[in-house]
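Structural description and commentary
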Amino acid sequence: MTSTSPRAAPLPPDERRAALIASTLSLVLAEGPDVSTRQIAQAAGVAEGTIFRVFSTKDELVNAAVASACDSSPLLDELEAVDRTTPLDVRLVAAVEILQRRTTRIFRLVDAIGLKAVEAGRNSQNLSEERALIERILTDLIEPARERLRSEPRETARRLHLLTFACTHPRLVANEPMAASEIVSMLLDGVRLRPGPPEPLP
């Protein structure tokens, strides 16, 4: 009598959809939009037919993967979770690292599928609203050090956001992004040498 291995229990619909989207996004980032449903199924560990029980077409799945990469909700949640009890430079380095991961992934996606496809994947997401939300959180991180900064926390947050983008964008930095600690140091201390170590900000 031949024994067969039991089949893995099927995932709940939401988890199956998320797994397909995650696998598709990884493949698109690596190979572009012309990945096959067979490749996607293998990466997700499901039968190819499973894809079409969740998505009507491969294009619909690819579009969902692009939309998931553009969704700013996880980014905002990560920024909100930065520990506010740490010194200013420590919490800003953590925030910049989060922003850098997001920037790098979006521009990898642009390289893989093109700017128009990424813009289409954003659907109705408002870039200016997203930027405002990011800068509000950065402002909250900076606020406790207000009395020791030359610019208001909101303006400092705006400068940090711009500096992070400029020092991370692959085409601006020739794929050699500046370290998050250097970005924060440039913002808080500039590049001019000063005697003695900088005093940590609360």
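In this report, the structure presented in the accompanying data block is examined. Please read all numbers here as calculations on a predicted model, not as lab measurements.

Criteria and cut-off values
- Residues numbered from 1 in each chain as written.
- Predicted model: local features only at pLDDT ≥ 70, side-chain atom pairs only at ≥ 80, totals over all residues.
- Heavy atoms only, no water.
- Helix = DSSP H or I, 4+ residues; strand = E, 2+ residues; numbered from the N terminus.
- Buried < 20%, exposed > 50% of the residue type's maximum accessible area, 1.4 Å probe, protein only.
- Contact = heavy atoms within 4.5 Å.
- Areas by Shrake-Rupley, 256 points an atom, 1.4 Å probe, with all protein chains shown as cover.
- 1 Å grid on protein atoms, 1.4 Å probe; cavity = no way out; pocket = protein on both sides within 12 Å on 5 of 7 lines; lining within 4 Å.
- Points joined across faces, edges and corners; volume = space filled by probe spheres on them.
- Nonpolar A, V, L, I, M, F, W, Y, C, P; charged D, E, K, R; others polar.
- Axes fitted to C-alpha atoms, helices over the stretch in contact; angles between N-to-C directions.
- Parallel < 35°, antiparallel > 145°, perpendicular 65-115°, else oblique.
- Left-handed = near helix turned anticlockwise from the far one by under 90°.
- Core = buried A, V, L, I, M, F, W, Y, C linked by side-chain atoms within 4.5 Å.
- Salt bridge = Lys/Arg side-chain N within 4 Å of Asp/Glu carboxyl O.
- Arc of directions from axis to C-beta.
- Expected span 1.5 Å × (residues − 1).

1. Considerations on the overall build of the chain
Check the secondary structure of the chain and you find 11 helices and 0 strands. Walking the chain from its N terminus toward its C terminus, one meets helices and strands in the order α-α-α-α-α-α-α-α-α-α-α. Taking all 202 residues of the chain together, 37% fall into the buried category. Sequence-distant contacts in the chain: of pairs separated by 6 or more residues, those separated by 24 or more amount to 65%. Per element, the accessible surface of the chain, about 12500 Å² overall, is 53% carbon and sulfur.

2. Side note on the environment of Val110
Looking at where Val110 falls in the secondary structure, it is placed in helix α6 (residues 88-113). Residue classification places Val110 among the buried residues on the basis of a relative accessible area of 10%. When neighbours within four sequence positions are excluded, Val110 is seen to be in contact with Leu115 and Val118.

3. Concerning empty space enclosed by the protein
This structure, assessed with the given rule, holds 1 cavity of 30 Å³ or more. A volume near 30 Å³ is recorded for the largest cavity. Every residue lining the largest cavity is listed: Phe107, Asp111, His169, Pro170 and Arg171. Only α6 and α10 (170-173) provide two or more residues apiece to the lining of the largest cavity. Residues belonging to the lining of the largest cavity are distributed by class as follows: 2 nonpolar, 1 polar and 2 charged.

4. Quick notes on the packing of helix α4 (residues 58-70) against α6
For any two helices packed against each other, one specifies the inter-axial angle together with the distance between the axes. Running from amino to carboxyl end, α4 crosses α6 at an angle of 150°, the nearest separation of the two axes being 10 Å. The angle between α4 and α6 places the two elements in the roughly antiparallel class. Crossing handedness for the pair α4 and α6: left-handed. For the pair formed by α4 and α6, the contact residues are Val66, Ser68, Ala69 and Cys70 on the first element and Arg102, Arg105, Ile106, Leu109 and Ile113 on the second. Split into classes, the residues belonging to the contact of α4 with α6 amount to 6 nonpolar, 1 polar and 2 charged.

5. Quick word on the nonpolar core
Within the largest apolar cluster, 25 residues are counted, with the highest numbers of intra-cluster contacts made by Leu79, Leu92, Ile134 and Leu138. No other element matches the 7 residues that α6 contributes to this core. Not counting chain neighbours up to four residues away, the residues in contact with Leu138 comprise Ala95, Leu99, Ala157, Leu160 and His161. Counting 24 residues, the second-largest nonpolar core is a separate cluster that includes Val35, Ala64, Phe107 and Leu109.

6. Things to note about the pattern of salt bridges
Tallying each qualifying case throughout the model produces 10 salt bridges. Notably, a salt bridge pairs Asp111 with Arg171, separated by 2.6 Å at the nearest N-O pair. Of the two residues, Asp111 is situated in helix α6 and Arg171 in helix α10; the sequence distance between them amounts to 60 residues. Of the two residues examined, Asp111 and Arg171, each falls in the exposed class.

7. Things to note about helix α5 (residues 73-80)
The periodicity of an α-helix, 3.6 residues per turn, causes residues three or four positions apart to be oriented the same way. Among the residues of α5, those classed as buried are Leu75, Leu76 and Leu79. Down the axis, α5 shows its buried residues gathered within 95° of arc, on one side only.

8. Remarks on the side chain of Ser23
You can see Ser23 is positioned in helix α1 (residues 13-31). With near-sequence residues (within four places) excluded, Ser23 lies in contact with Ile40, Ala43 and Ala44.

9. Overview of helix α8 (residues 127-142)
Taking 1.5 Å of rise per residue, the 16 residues of α8 would be expected to cover 22 Å, and the 22 Å separating its terminal C-alpha atoms lies within 8% of that figure. The complete set of buried residues in α8 reads Glu130, Ile134, Glu135, Ile137, Leu138, Thr139, Leu141 and Ile142. Packed against the buried residues of α8 are α4, α5, α6 and α9 (153-166).

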